[in-house]
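# Geometric and topological summary
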Amino acid sequence: MPEIIIDDQKFTYDKPGKVLQFILDQGLDLPFFCYHPSLSIPANCRQCLVEIGTPVFDRATNSFKVDDNGNKLVQFFPKLMTSCSQDMSDGMVVKTHATSEKVRRAQKDTLEFILVNHPLDCPICDQAGECPLQIQTYKYGPEGSRFEFKKVHKPKRIQLGPRVVLDAERCINCTRCVRFSEEISKTNQLTITARGDKNYPTTAPGRTFDDPYSLNTVDLCPVGALTQSDFRFKARVWEMNQTPSIDVTNGKGTNVDLWVRDNLVLRVTPRFNPSVNDYWMPDSGREAYRLFNENRISRPEIKLDTELIKTSWNNAKETLAEILEAHSPKDVFVLGSGYASVEENFAFKTFFANAGISSSAFVPHVISGSGDGFLLTDDQAPNTKGCELVGLEALSEKSLSSSIKKATVIIVLSEDIVGRGLVSSSDLEGKTLIYFGTNKTETAKTAQLIIPVTCIAEHAASYVNAEGRIQRSMPAKETMYTNRSLHPEMNAGRLDRFGTKFDNWRSDNNRVDAYPVWEFLSQLAPRLNQSVNWSDSSDLFDEIASSIPAFDGITYDRMDLEKGVVIQPAETEAKTI
Amino acid sequence: MTYTFDSEDLKKIDAIKAKYPTVLSASMPVLWYAQEKFGHVNNEVQHLVAQTLALPESHIHGVATFYTQYFKKEMGKYVLDVCTCFSCQVCGGYEMLHHLEEKLGIKVGETTPDGKFSIQQAECLGACGYAPMLQITNDVYVNHLTKEKVDSLIEDLKQDKMPEFESIIPPQMQNS
Amino acid sequence: MVNDYQNYKTLILPSKGHLRNVSDYEATGGYKALKDVLAAKESTWTRENVINEVKTAGLRGRGGAGFNTGLKWSFMPKPDGGKRYIAANGDESEPGTFKDRVIFEFNPHLFIEGAIIGAYAIQADAVYVYIRGEYRSWINFMEKAITDAYKAGYLGKNILGSGVNIDMYVHSGAGAYICGEESSLMESLEGKRGYPRVKPPFPAQRGLWGRPTTINNIESLANVPLILNMGSAKYAAMGAKTHPGPVLYGISGHVNRPGVYEYPTGMLITDLIYDVAGGMRNGKKLKALVPGGSSTPILRADQIDGVSMDADSLRTAGSMMGTAGMAILDEDTDIVDFLYRITHFYHHESCGQCTPCREGTGWLEKLLHKIKTGEGELRDLDLLLDLTSQMEGRTVCALADAAAWPVRYTVTRFRDEFEARCKKSVFAFA
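These numbers were taken from a predicted model, which means no experiment stands behind them.

### Remarks on the confidence of the model for chain C
Averaged over every residue, the pLDDT of chain C is 95; the share at 70 or more is 98%. What the predictor reports for the complex is a pTM of 0.94 with an ipTM of 0.97.

### Things to note about a nonpolar patch on the surface
All names here are of chain C. On the surface, Phe 67, Leu 71 and Phe 75 cluster together into a nonpolar patch covering about 250 Å² of accessible area. Relative to the helices and strands, Phe 67 is located in the loop between α3 (47–57) and α4 (69–74). A relative accessible area of 36% means that Phe 67 is categorised as partly exposed.

### Here we look at the interface of chain B and chain C
On the chain C side, the residues contacting the 51 residues of chain B number 75 residues. Here chain B meets chain C over a buried area of about 4800 Å², counting both sides, of which 58% is carbon and sulfur. On the surface where chain B and chain C come into contact, there are two salt bridges. With a closest N to O distance of 3.5 Å, B:Glu36 and C:Arg136 form a salt bridge. At the surface where chain B touches chain C, the tally comes to 33 residue pairs in polar contact (both at pLDDT 80 or more). Taken together, the elements giving at least two residues each to the side of chain B that touches chain C come down to α2 (27–38), α4 (57–66), α5 (87–90), β2 (117–122) and α8 (171–175) of chain B. For the side of chain B that touches chain C, the residue count by class is 28 nonpolar, 19 polar and four charged.

### As for the pairing of strand β15 (residues 255–261) of chain A
Residue and element names in this part refer to chain A. Within β15, seven of the seven residues are buried, which leaves the element mostly enclosed by the surrounding structure. Burial along β15 is two-sided: the face carrying Asn 255, Asp 257, Trp 259 and Arg 261 and the face carrying Val 256, Leu 258 and Val 260 are both buried. By the bridge criterion, six bridges tie strand β14 (residues 241–246) to β15 in an arrangement that is antiparallel. The partner of Gln 242 across the bridge, within β15, is Trp 259.

### Considering the domain arrangement of chain B
When cut into domains, chain B gives domain 1 (7–66) and domain 2 (78–158). Computed over C-alpha atoms only, the centres of domain 1 of chain B and domain 2 of chain B are separated by 29 Å.

Rules used throughout
- Residues numbered from 1 in each chain as written.
- Chains lettered and ligands numbered in written order.
- Predicted model: local features only at pLDDT ≥ 70, side-chain atom pairs only at ≥ 80, totals over all residues.
- Heavy atoms only, no water.
- pLDDT = per-residue confidence, 0-100.
- Patch = residues over 30% accessible without salt bridge, like charges linked within 9 Å, V, L, I, M, F, W, Y side chains within 5 Å.
- Areas by Shrake-Rupley, 256 points an atom, 1.4 Å probe, with all protein chains shown as cover.
- Salt bridge = Lys/Arg side-chain N within 4 Å of Asp/Glu carboxyl O.
- Helix = DSSP H or I, 4+ residues; strand = E, 2+ residues; numbered from the N terminus.
- Buried < 20%, exposed > 50% of the residue type's maximum accessible area, 1.4 Å probe, protein only.
- Contact = heavy atoms within 4.5 Å.
- Buried area = accessible area lost by both parts, 1.4 Å probe.
- Polar contact = N/O pair within 3.5 Å; in protein donor to acceptor, adjacent residues only side chain to side chain.
- Nonpolar A, V, L, I, M, F, W, Y, C, P; charged D, E, K, R; others polar.
- Pairing = 2+ DSSP bridges.
- Domains from an automatic or database assignment.

What follows is the structure, given as structure tokens:
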């Protein structure tokens, strides 16, 4: 096995690779800016310089030269080399800042140069707290700067595109954004303009950066040159807590992180998953944060005459129970949704099956041609495959209409059938509609009874993407009934852990009055002589795994450790009948 | 003003493309072609070049802004690039530049109100032995400048009399 | 040292008028080397043998780096059926350099013949002649000469019935000194911004459009027919031992007869200034000279005794051969001003790709401006020297080195003048 010696420590490696990536994979530290594992390597920031030496091969004797102790003689390159572009070779000797004064000087000098024209914007820059420039300057940089002149001025706070703001002065010219738009999103909307220290990234003149993946450049940008316009000045990174979750705007199942402060989701960023979305996510997935915060149904509502009035949970449960008891099962139609999780759909189906309603269905939401072959799928819902696997029947629009016509009571989970245009409010006249949902949709307005349920940001539940991979979310936002400090899976940020209640900005306003579907149904169960008791979604999932063969052997732990589990490779996306 | 290439232009552009194995390589020569035709490569002209070559507009913009000889806006009819670098500096290049500024009543980087002359300061133009010197609109070199020569050059240009190419014979070729 | 230079007969410069017409060039023996090589390509002049001949002759690149041309050719890998290229570097933007234009104007076919022989030797399919955009008139000369060479059958398909196919094209730059750097030149030829490439891979492994490429200076290729005509032994005996052959000296500045002169390498600097170029003008004394273009370290008048214009002698004296573009400065020259303008040049020409050069060149210029206007302090001189060490050897290409050397050596060698320009410190006593 070829061997590489880094700071006097021997490592073996089996695949060819670059020195920097190898060093990072070992968990060792080396500063860099322009390098990114999924982009081409320009080696232009010069921050990752190291000393590289290779054993000397003597062509005359056809062997390696050795010293008196029999160790291979190592000849160091005369100049420091960029580790990001340096291929590893057998016997290579690498010296980083840990063992080389030359490397330490180079790192310090490079940072001094970067800071020459970099504006002192930290107090007003969104990047503060997650800024590689800040971190690396603190660790490797000079104490102060010897630069005593006016810095170069460039365009500031330019609305580069609908979602991205450019501050050209902060740019350190790593070219990650330009390379992203050339190599990953392939829209070629960005370029570097001008030359020398007057250069900065921009679009073609008169054009806007409306790339559907534009916000990935904000994640990539190692400084605050590119920032998200609707997150600007909203919160400091250290005030938020970061929770893993799944993108619910389409069937790709892009892994994301939800950033929450005071129980409001303030932004969504992608989470690395080499099998699904690499380091990227579509802009449309980020906009979803509004769904979690705004227009939420909080507290059950019941329709008296034509008006929806807030009511108590007891009243809601009682009303639902009475409706079920008053109707024959064959008059009740239960509709699940690809927008709800596996657990929610399973609980729904099982509960109402116990009540005698045997057929539950869902309507897949697939818009042919709307996908782009990258991270946007034709399938608009995150859990269409999950619904199929749980045993819900996939209905076409026509079948839905006839089912609606035949039924007297319609119980809907998270599916905006009116807003989707599947039915009109006149079709629902005279029917009793019970809506389990998260947001105030058109369908909710036509309901007789509204039960608020938790959204993906508030519960741990699993979703199967269009390729058959099951992944799960974690709760990021508290409801009225969950407590971050007590819940083992809820992340606590700095503000949650430290300080008194006077400097912790916590208000109850943002905590939605909702229960997870399975919990509500468990509360309702005794009233209808059912014995289901699903208090924990993890136990619920174990029940699913033991009762449905497709989920056999899958657990939340497996989903976490393996970054999702493939249930069955999908050849096509969910079909309609 | 709309900028277009007619069928003759497109034929010449095809001939340019044929010199290289990729279309991307034609970025620079076609930008030159556009500048010859329109006098500059402003934003609209850059878009025209990008569309004609089916290349990203941002790429053409990046190329146009990297190289200094492409005029990013309309310039005077005669762009006077005065070299003030290295040998020209120590042989009076700045004196010529300032004299030109005085004579035309504009500063470096500006254009005369009648749109006739623009003055720019240039880096080494490769005429060090014939300093001081200037170049007229990316074309003819005017060498061995003196204040008088500058004055008469301006008078000539005012009447649109372009000086000819001056062939400076190396001394060793003169003696034989 | 070259002793008998007064009787030197030029080989690159034609003896009388220009040789732009093919017939004029042929009349002086032009294209004979090419004909000989192609006629004997299976015997005396296999590609290997041509490369070895040039290597043995000791021709070193005339673009500034001085790398053995034949050796560079030998780096090309074995052909694999794909395209291979020569890029001829006519970007000539190094301040003080104005010699390749003389070849374009007076003897373009000498270069063309050399490039064709070189392309044959390394089995290149095409030669792209990159000429700086400002040389519009000389681009026209070259394009006409190439067209004529095609017509005469020296370029194109089946050259002189040999079965060898070589094309040649001119590509115009557009105002960027950095495009004289070989990998930046390739990026520019490929139609992109002139950002130098990270090496390795080297051009011979992956060059133009990913294919094996060799980059040679115009004057270097112009020497190739000379080597083949006179033989490598005679060529190697010309001029300085480790740096042989004729070279075009571009003498400019405060001399009576500035211009381009052709002599063998190894001419004494004093001979060049006081004899060839007619001595200092206006009866002034020599103060300093920059021997090979602005990137080469400046030499004081008291440092040039016995120093000859070849790589080894200049290196020992503390400078470099560079492009042999000599700028002669007389006693009235303001060295601080002169250095400031040089830092302005490098700041203007930095491509901006990598950190030390992009920020360093700007910082150097601002420091020099501060010193030039009389606002500088002594610690600024030490800061300048520090910055040059910070920039050198840390960048993608050598522009940062080329920007750092003039600063380091001018400040060191003219320390008194710089200190005199700085503000007196409060604690200085009379």
